[in-house]
Amino acid sequence: MLLKRFKVRVIEAGLRAHLAEVHQPSSWLITASDLGSAWGKFRTQHFGTLGPNPADYDVHFDGIIVA
C-alpha cells in the first residue's frame, strides 16, 4: 500500500517564534490522499471547528510511504 505524506509548516515569523518560545512544534507530517485532505486533517486535528489563517501555513508533498 502506498501512502502520501504531506508536511504542514508555519511560515508566519511571529507565530513560528511564539511556538518555539513555548516549546511547541512548528511543522507536522500528515498522511492523506491529496493536499486538500492533508490541510483538512491538520485543521481539524489541531484547531477543531475554529480554523487557522491559511496564509500562516505552508502545505507541501513530502513523500510516499510504502506500508
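For the structure itself, consult the block above.
**Q** When you look at the packing of aromatic side chains in this model, what are you seeing that I'm missing?
**A** How two aromatic rings sit relative to each other is set out by the distance from centre to centre and by the angle between their planes. Scanning the model with the defined rule gives seven aromatic pairs in all. Consider the rings of tryptophan 39 and phenylalanine 42, whose centres lie 5.6 Å apart with planes at 40°: the pair is tilted. With tryptophan 39 and phenylalanine 42 both in helix H2 (residues 35-47) and three residues apart, this pair spans about one turn of that helix. The residues tryptophan 39 and phenylalanine 42 share a single accessibility class, namely buried. An angle of 70° between the planes, with centres 5.9 Å apart, marks the rings of phenylalanine 42 and phenylalanine 47 as edge-to-face. Among the aromatic residues, those joined into a ring-pair cluster are Trp28, Trp39, Phe42, Phe47 and Tyr57.

**Q** Help me understand the pattern of salt bridges in this model?
**A** Opposite charge on two side chains permits pairing when their charged atoms draw close. Evaluated as defined, the whole model comprises two salt bridges. A salt bridge links aspartate 62 to arginine 5; the shortest N-O distance between them is 3.0 Å. One end of the pair, aspartate 62, is in strand S3 (residues 57-66); the other, arginine 5, is in strand S1 (residues 2-10), with 57 residues separating them in the sequence. The salt bridge partner of arginine 9 is aspartate 58, with a shortest N-O separation of 3.3 Å. Highlighted residues: arginine 9 in strand S1 and aspartate 58 in strand S3, separated in sequence by 49 residues.

Rules and cut-offs
Residues numbered from 1 in each chain as written. Predicted model: local features only at pLDDT ≥ 70, side-chain atom pairs only at ≥ 80, totals over all residues. Heavy atoms only, no water. Phe/Tyr/Trp six-rings, centres within 6.5 Å; stacked < 30°, edge-to-face > 60°. Helix = DSSP H or I, 4+ residues; strand = E, 2+ residues; numbered from the N terminus. Buried < 20%, exposed > 50% of the residue type's maximum accessible area, 1.4 Å probe, protein only. Salt bridge = Lys/Arg side-chain N within 4 Å of Asp/Glu carboxyl O.

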